[in-house]
Amino acid sequence: MAFFALQFLLILLVCFRDIFSTFADSRTIFPTSLHRFWIQATAVVAAPLGRTLSETTPARQIISAYLNTTGIEAGYSYFAPNVPASYKIVFELHYPDGRTEFELPQVGGRATGLRLATLLDVIAETEYEPLRAMMVKMLAYAVWQEHSEAVKARAVFGYVDLPTPAEFKQGKKESYHTLFAYDIDFALAQIQKR
Amino acid sequence: MSSLTNRLREFLFAPQSSVWLTILRTGLGLQVFCYGISLRADWIEVLSRENQGLIRRDLTEAMLSAESPFIPRVGWLVDAGAYFGLSERAVLWSVWLLLIIAALLVAVGLFCRTSSVVLWLLYVCTAKSAELLSYGVDNFTVIGLFYLAIAPLPDSASLDARWRGIHPRSSVLHGLHQRVLQFHMCIIYFFGGISKCAGRGWWNGVSLWRALTRAPFDVVPPEVLIRMAFVLPVFGILVCVMEATYPIFIWPRKTRFVWFVGVVGMHVAIGLMMGMYLFASVMIILNVAAFGPELMGLGERKTASHADPDLALPAE
């Protein structure tokens, strides 16, 4: 019983932390004056989960391992409070003969396609620039393996702005907006391949 | 006070048949089997380090280590395999094969305890090592597999019980473990519903429209969807209300059927209209295991003092 009590205490703490941080970071029906409250509330419930401790503290690491192993490390605010934008990455591949081709990341099945959408969400939300660049370059390299004659690529990452039902009725289509772009040189990869 | 304690005890420890566990075990076994089959074409790309697939595993695992070095991962298995001279590719395919075998053993109920623990740990390893590519389905599958691994196995329909002659565990223990799953489902829907209620888009149908037209969930063409635009606000509100009030209305007999059918219907719609078949199926499995048996008259609870002696079989 004590084990289950602890399990549910952790589940509730994670859920409250998730919901408070979601309310703090998103536009909600609540007044904006509550913004500070949501941030403070997030910090309060994060403390018992060890989130205020140093990352190398064993207590924090053990709690985190338990949460991840039992699947309760994340809250349940999927598509909430609003459905997030859809992201897209396009690779502009340049060949030695001056040709240019446009490619999207390729996957073998629909199940992986759904997972790719998560990766694009993560890339969009990553604020640490070197990490974001590294993830984009890994995706570019996966595309290059299918087009190994390409010498350079420009990876353009953006979000798709979807029309509302009313706008769609008026004929408005989805539009693509660039968030950031990276130029990637495959010269080293070609040498390694040879 | 003591009457409250007694009522709580009766609620938590009311004897229950093992039907709920049969549903959970069979359902999750088949769920993981389908997960393995659906990812087979990309298995190496998703989990490899050497081949540099979509995202290198060492990046995901480095991020995992920053979170906690104790989180299970495929890298541990690859390192162990390398010690015995196995290549990364060989280890990854062995993990896939082991996952499929464990899933099938769990589905039929053979060597239940061992196979469910192996399945849970292998699934955690693969989901965590591909965390940058994981979504809700992995969380819910891990939750289900964890409860299965600690459940009072075997259930009476398993091959362990029927073929190997292992007696099912106490019905009181079954009652408690089913309650745990029920509580967790209530928390999932309550927080999911409340967080949706806070968004204006769920009240006017815009969020539902965006969810259904957002790639890669745009299975239904927007030209078809727009013809049903007038019902989107109704369904958006229904989703919010149904989820947020699930912990209230799933318990009384009079409302349980409506809420159960409503939530299961919602997941069927998610599966068909958004192409999230695995997500839909794991949610349906968890719901049916948690509340299905009593609704279907297969696992009627009895108070602890009036327990059917046939249900209270000796422990293994």
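Residues numbered from 1 in each chain as written. Chains lettered and ligands numbered in written order. Predicted model: local features only at pLDDT ≥ 70, side-chain atom pairs only at ≥ 80, totals over all residues.

Draft legend 1. Structural view of the overall build of chain B. Across its full length, chain B holds 17 helices and zero strands. For 316 residues, the compact-globule formula gives about 20 Å, and the C-alpha radius of gyration of chain B, at 22 Å, lands near that figure. Principal-axis analysis of the C-alpha atoms gives chain B an extent of 60 × 55 × 35 Å. Within chain B, buried positions represent 49% of all 316 residues. For chain B, the proportion of contacts with a sequence separation of at least 24, taken over those separated by at least 6, is 73%. (Helix = DSSP H or I, 4+ residues; strand = E, 2+ residues; numbered from the N terminus. Rg over C-alpha atoms; globule rule 2.2 N^0.38 Å. Buried ≥ 20, exposed ≤ 12 C-beta atoms within 10 Å, placed from the backbone. Contact = placed C-beta atoms within 7 Å.)

Draft legend 2. Highlighting the overall build of chain A. Counting its secondary structure elements, chain A contains seven helices and four strands. If you list the helices and strands of chain A from N to C, you get α-α-α-β-β-α-α-β-α-β-α. Taking the principal axes of its C-alpha atoms as reference, chain A extends roughly 70 × 50 × 30 Å. Counting all 194 residues of chain A, 30% fall into the buried class. Nonlocal contacts in chain A, meaning residues at least 24 apart in sequence, comprise 63% of its contacts between residues at least 6 apart.

Draft legend 3. Region of interest: the packing of helix α2 (residues 19–39) of chain B against helix α8 (residues 136–149) of chain B. All names here are of chain B. Axis separation between α2 and α8 bottoms out at 10 Å; the angle between their running directions is 135°. Judged by the angle between their axes, α2 and α8 are oblique. α8 is crossed by α2, and the crossing has left-handed handedness. Residues L24, R25, L28, Q31 and V32 of α2 touch α8, and the partners they reach there are T141, G144, L145 and L148. Taken together, the residues of the contact of α2 with α8 sort by class into five nonpolar, three polar and one charged. (Axes fitted to C-alpha atoms, helices over the stretch in contact; angles between N-to-C directions. Parallel < 35°, antiparallel > 145°, perpendicular 65-115°, else oblique. Left-handed = near helix turned anticlockwise from the far one by under 90°. Nonpolar A, V, L, I, M, F, W, Y, C, P; charged D, E, K, R; others polar.)

Draft legend 4. Seen up close, the domain arrangement of chain A. Domains assigned within chain A are domain 1 (2–69) and domain 2 (86–193). With centres defined by C-alpha atoms, the gap from domain 1 of chain A to domain 2 of chain A works out at 33 Å. (Domains from an automatic or database assignment.)

Draft legend 5. Geometry of the pairing of strand β3 (residues 152–161) of chain A. Residue and element names in this part refer to chain A. Pairing geometry for strand β1 (residues 86–94) and β3, over nine bridges, is antiparallel. Bridging across to β3, S86 finds its partner in V160. Looking at chain direction, β3 and strand β4 (residues 175–185) are connected through ten bridges and run antiparallel. Across the sheet, the residue bridging to G158 is T178, located in β4. (Pairing = 2+ DSSP bridges.)

Draft legend 6. Summary view of the nonpolar core. Within the largest apolar cluster, 117 residues are counted, with the highest numbers of intra-cluster contacts made by A140 and A153 of chain A together with L119, Y123 and L145 of chain B. Element by element, the count of residues in this core is highest for helix α17 (residues 277–295) of chain B, at eleven residues. Residues in contact with Y123 of chain B, not counting those within four places in the same chain, are V32, T141, V142 and L145 of chain B. (Core = buried A, V, L, I, M, F, W, Y, C linked by C-beta atoms within 7 Å.)

Draft legend 7. Representation of unusual backbone geometry in the model. The omega torsion of the bond from L153 of chain B to P154 of chain B falls at 0°, within 30 degrees of zero and hence cis. Mapped onto the fold, P154 of chain B is located in the loop between α8 and α9 (159–162). For the peptide bond that leads from A215 of chain B to P216 of chain B, omega is 5°, which places it in the cis range. The phi dihedral of F79 of chain A falls on the positive side, at around 55°, and the residue is not glycine. Looking at where F79 of chain A falls in the secondary structure, it is placed in the loop between α3 (58–69) and β1. Although it is not a glycine, F111 of chain B sits at a positive phi angle of roughly 50°. Mapping F111 of chain B onto the fold places it in the loop between α6 (88–108) and α7 (112–129). Residue classification places F111 of chain B among the partly exposed residues on the basis of 19 C-beta atoms within 10 Å.

Draft legend 8. Layout of the interface of chain A and chain B. Tallying the contact residues gives 59 residues for chain A and 60 residues for chain B. Broken down by element, the residue count for the side of chain A that touches chain B peaks at eleven residues, all from helix α4 (residues 110–125) of chain A. Class assignment of the residues belonging to the side of chain A that touches chain B gives a composition of 37 nonpolar, 18 polar and four charged.

Draft legend 9. Fine view of the domain arrangement of chain B. All names here are of chain B. Assigned domains of chain B: these are domain 1 (16–154) and domain 2 (179–299). Centre-to-centre separation of domain 1 and domain 2, based on C-alpha positions: 27 Å. Listed as interface residues are 19 residues of domain 1 and, on the opposing side, 16 residues of domain 2.

Draft legend 10. Spatial organisation of the packing of helix α16 (residues 253–274) of chain B against α17 of chain B. All names here are of chain B. Orientation of α16 relative to α17, taken along the N-to-C sense of each, is 165°, at an axis distance of 8 Å. One way to sum up the angle between α16 and α17 is to call them roughly antiparallel. In terms of crossing hand, the pair formed by α16 and α17 is left-handed. Contacts between α16 and α17 pair R256, F257, F260, V263, V264, H267, V268, I270 and G271 from the former with Y277, F279, A280, S281, M283, I284, N287, F291 and L295 from the latter.

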